[in-house]
Structures are given as C-alpha cells and as structure tokens.
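Chain by chain, the residues:
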Amino acid sequence: MKPEEPGGDRLGEDEGGDKPGLVARIARIVAQVLILLFIGPAIAILFYAVVPPPATPLMLIRLSEGHGISKTWQPLARISPNLQRAVIASEDAKFCVHGGFDWEAVDTAFERYREGGYLLGASTISMQTSKNLFLWPGRTFIRKGGEAYITVWLETLLSKKRILELYLNVIEFGPGIYGAEAAAQHYYGVSAGRLTQTQAAELASVLPNPLRWRPGTRGRAGTISARMNSVQLGTNGPCE
C-alpha cells in the first residue's frame, strides 16, 4: 500500500491512470459503430425482403420541410405492368441484365464530371432504391459511395422482382407523394393497378425532378411511352 500524504492522498497516484481504459472503451465503441455500418444495411435489407419499409430518410426530410407523407403499400401484382415497364424504360433499360450497376453509364457520367459537369446520371433502379431506403439526397462522393455499397447488398440478397416492388412503393412522385398507389390516386384518381400506358409514362417522366415536374407537363413522356414497347417483364414477373 502506498503511503499517504497528510491530506490523505496516495503518494504517486497517477491522475491520468484511467486513460488506457478510456482509450480502450472509445476503440470498442468505434469498432461497434463500424461493424454496424458494415452489416446494418444487410440486416435491414433482409427485413425489407418480407416487410414493407415504414418510412425512408427522404420521407422524413421532406416532412421536416413542410411536406406531408402520402403512401400506400401495394404488392407488385397490384401495380400496373404499364408502370413497371415505364420506370424501366425511363430509369434503367438494363435493369434485368446488370448486377446493380450500368458500367457504361457510369463511365459516361464520370467523363462528364471530369469535363466540369455535375456528378449525375448512371443511377440504376437498384441504386435509386438503395438511396431511397437508407440515404439522403445529394451528389457527393460520400453519398454515392454509400449508395454503391448498399446496392451490392441489395442485389445479393433480393430478387429483381422485390427490388422493383420496393422501388415502386418508396419512390418520390411529387411533394409528399410516395409510391405508385399514392401517385395514381393523387394525379389520376385511380388505383395503381389501373394505370394506362400514357398515365404510366407521364408518372415516370417526373422521376428525375419530382418536386418541380408534374405528369403531363414534360415532353419526355412520349419518348418513354415509345420505349415501353421494348420492355419485356417476363411470365412470372419482371426479369423472370
């Protein structure tokens, strides 16, 4: 036992003696956070394989901006094949053949960025689904990197049918309007299963900028409608 000074303090007591323990605790916390970031998306994706997402970060962000949240989950079988074909024709023509990334489009987007343009384009339906389920809007390399990482898990753990089902139920179609059913009811007064080819093309045409664009006001709907004729969904669902 160390001798005490008159005031009762131990001689030679190191006031910083607890620092190694503090460093170890911080290291454990950091390691736990990194592990959570690494496997967290996979756990959530497995959950979303069978359960509809209750909300997404984008929905909460828009809510904080003053927009409401209008959404009604519908299984893919109750969403018009016209809309399924329209979003594939509009957003990701190679959806059924790639593993989550359209590398030709990625190269084009990167070249545009190197020439002084914005970092945009090349986002497949799988990548957009990853972003909408877990991330925030933005075009930074950090967000894009997270999107790419989550997309690998998404394509590994889910079928193309489930990915498209998730996409069509969480994608933003307007201020506070999420998913095919809410969009069909809001803009056309019909269920998602009854959308015509023209209506589906008009809805798909707003996806690049749903806060500003409205169905029927963009000329690109005609182009999308024409491209829809070349999209084959398969007998047992998209890509099957």
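Located above this text is the structure these notes cover.
What this report covers is the structure whose coordinates are included nearby. Values in this document were obtained by computation on a predicted structure and should not be read as measured data. (Residues numbered from 1 in each chain as written. Predicted model: local features only at pLDDT ≥ 70, side-chain atom pairs only at ≥ 80, totals over all residues. Heavy atoms only, no water.)

### Quick notes on the overall build of the protein
- Along its length, the protein carries 10 helices and two strands.
- In the protein, the order of α-helices and β-strands from amino to carboxyl end is α-α-α-α-α-α-α-β-β-α-α-α.
- Buried positions account for 40% of the 240 residues belonging to the protein.
- For the protein, the accessible area works out to roughly 13,200 Å², and carbon and sulfur atoms hold 58% of it. (Helix = DSSP H or I, 4+ residues; strand = E, 2+ residues; numbered from the N terminus. Buried < 20%, exposed > 50% of the residue type's maximum accessible area, 1.4 Å probe, protein only. Areas by Shrake-Rupley, 256 points an atom, 1.4 Å probe, with all protein chains shown as cover.)

### Examining the packing of aromatic side chains
- Scanning the entire structure with this criterion turns up two aromatic pairs.
- Between Phe47 and Tyr48, the aromatic rings sit 5.9 Å apart at their centres with planes inclined by 55°, giving tilted as the arrangement.
- Ring centres of Tyr48 and Phe134 lie 6.0 Å apart, and the angle between their planes is 35°; this geometry places the pair in the tilted category. Taken together, the residues span a long stretch of sequence, with Tyr48 in helix α1 (residues 19-48) and Phe134 in helix α5 (residues 125-134) at a distance of 86 residues.
- The class of Phe134 is partly exposed, set by a relative accessible area of 22%.
- By the ring-pair criterion, three or more aromatic residues cluster together here, those being Phe47, Tyr48 and Phe134.
- Above the plane of the ring of Phe95 lies Lys160, whose end atom (NZ or CZ) is 4.6 Å from the centre. (Phe/Tyr/Trp six-rings, centres within 6.5 Å; stacked < 30°, edge-to-face > 60°. Lys NZ or Arg CZ within 6 Å of the ring centre and 35° of its normal.)

### Points about the side chain of Glu147
- Along the chain, Glu147 falls in helix α6 (residues 141-157).
- Take Glu147: its relative accessible area is 1%, and that puts it in the buried class.
- Setting aside anything within four residues of it in sequence, one finds Glu147 in contact with Ser123, Met127, Ser130, Lys131 and Leu135. (Contact = heavy atoms within 4.5 Å.)

### Focus: the packing of helix α3 (residues 81-91) against helix α9 (residues 197-205)
- For the pair α3 and α9, interaxial distance at closest approach is 8 Å and the crossing angle is 40°. Our classification of the angle between α3 and α9 gives oblique. For the pair α3 and α9, the sense of crossing is right-handed. Of α9, the residues touching α3 (which contributes Asn82, Leu83, Arg85, Ala86, Val87, Ser90 and Glu91) are Gln197, Ala200, Ala201, Leu203 and Ala204.
- Of the residues in the contact of α3 with α9, the class split is seven nonpolar, three polar and two charged. (Axes fitted to C-alpha atoms, helices over the stretch in contact; angles between N-to-C directions. Parallel < 35°, antiparallel > 145°, perpendicular 65-115°, else oblique. Left-handed = near helix turned anticlockwise from the far one by under 90°. Nonpolar A, V, L, I, M, F, W, Y, C, P; charged D, E, K, R; others polar.)

### Overview of the nonpolar core
- Counting residues in each nonpolar core, the largest one holds 45 residues, and the members touching the most others are Leu83, Val87 and Leu164.
- Here the element with the most residues in this core is helix α7 (residues 160-170); it accounts for six residues.
- Those residues within four positions of Leu164 in sequence are excluded, and the remaining contacts are Leu76, Gln84, Val87, Ile88, Phe95, Ile125 and Pro238. (Core = buried A, V, L, I, M, F, W, Y, C linked by side-chain atoms within 4.5 Å.)

### Things to note about the packing of α5 against α6
- One can describe the packing of α5 onto α6 by two numbers: an axis separation of 8 Å at closest approach and a directional angle of 110°. Judged by the inter-axis angle, α5 sits roughly perpendicular to α6. On the side of α5, the interface is formed by Ser126, Met127, Thr129, Ser130, Lys131, Leu133 and Phe134, while α6 contributes Arg143, Glu147, Ile150, Thr151, Leu154 and Glu155.
- Among the residues forming the contact of α5 with α6, the class breakdown is five nonpolar, four polar and four charged.

### Thoughts on α3
- Burial within α3 is extensive, with 10 of its 11 residues counted as buried.
- The inward-facing, buried residues of α3 contact α5, α7, α8 (180-188), α9 and α10 (220-228).
- Two to three positions downstream of the cap, the backbone nitrogen of Asn82 sits 3.0 Å from a side-chain oxygen, assigning the N-cap of α3 to Ser80. (Polar contact = N/O pair within 3.5 Å; in protein donor to acceptor, adjacent residues only side chain to side chain.)

### Observations concerning the state of the cysteines
- Considering all chains together, one arrives at one disulfide under this definition.
- Each sulfur of the disulfide joining Cys96 and Cys239 lies 2.0 Å from the other. Here Cys96 and Cys239 share a disulfide; its torsion about the S-S bond, -75°, makes the bridge left-handed. Highlighted residues: Cys96 in the loop between α3 and α4 (103-114) and Cys239 in the segment after α10, separated in sequence by 143 residues.
- On the basis of relative accessibility, which here comes to 29%, the residue Cys239 falls in the partly exposed class. (Disulfide = S-S within 2.5 Å.)

### Here's the deal with the environment of Met127
- Relative to the helices and strands, Met127 is located in helix α5.
- Classification of Met127 by relative accessible area gives buried; the value is 7%.
- In this structure the C-alpha to C-alpha distance between Met127 and Ile163, which are 36 residues apart in sequence, comes to 10.0 Å.

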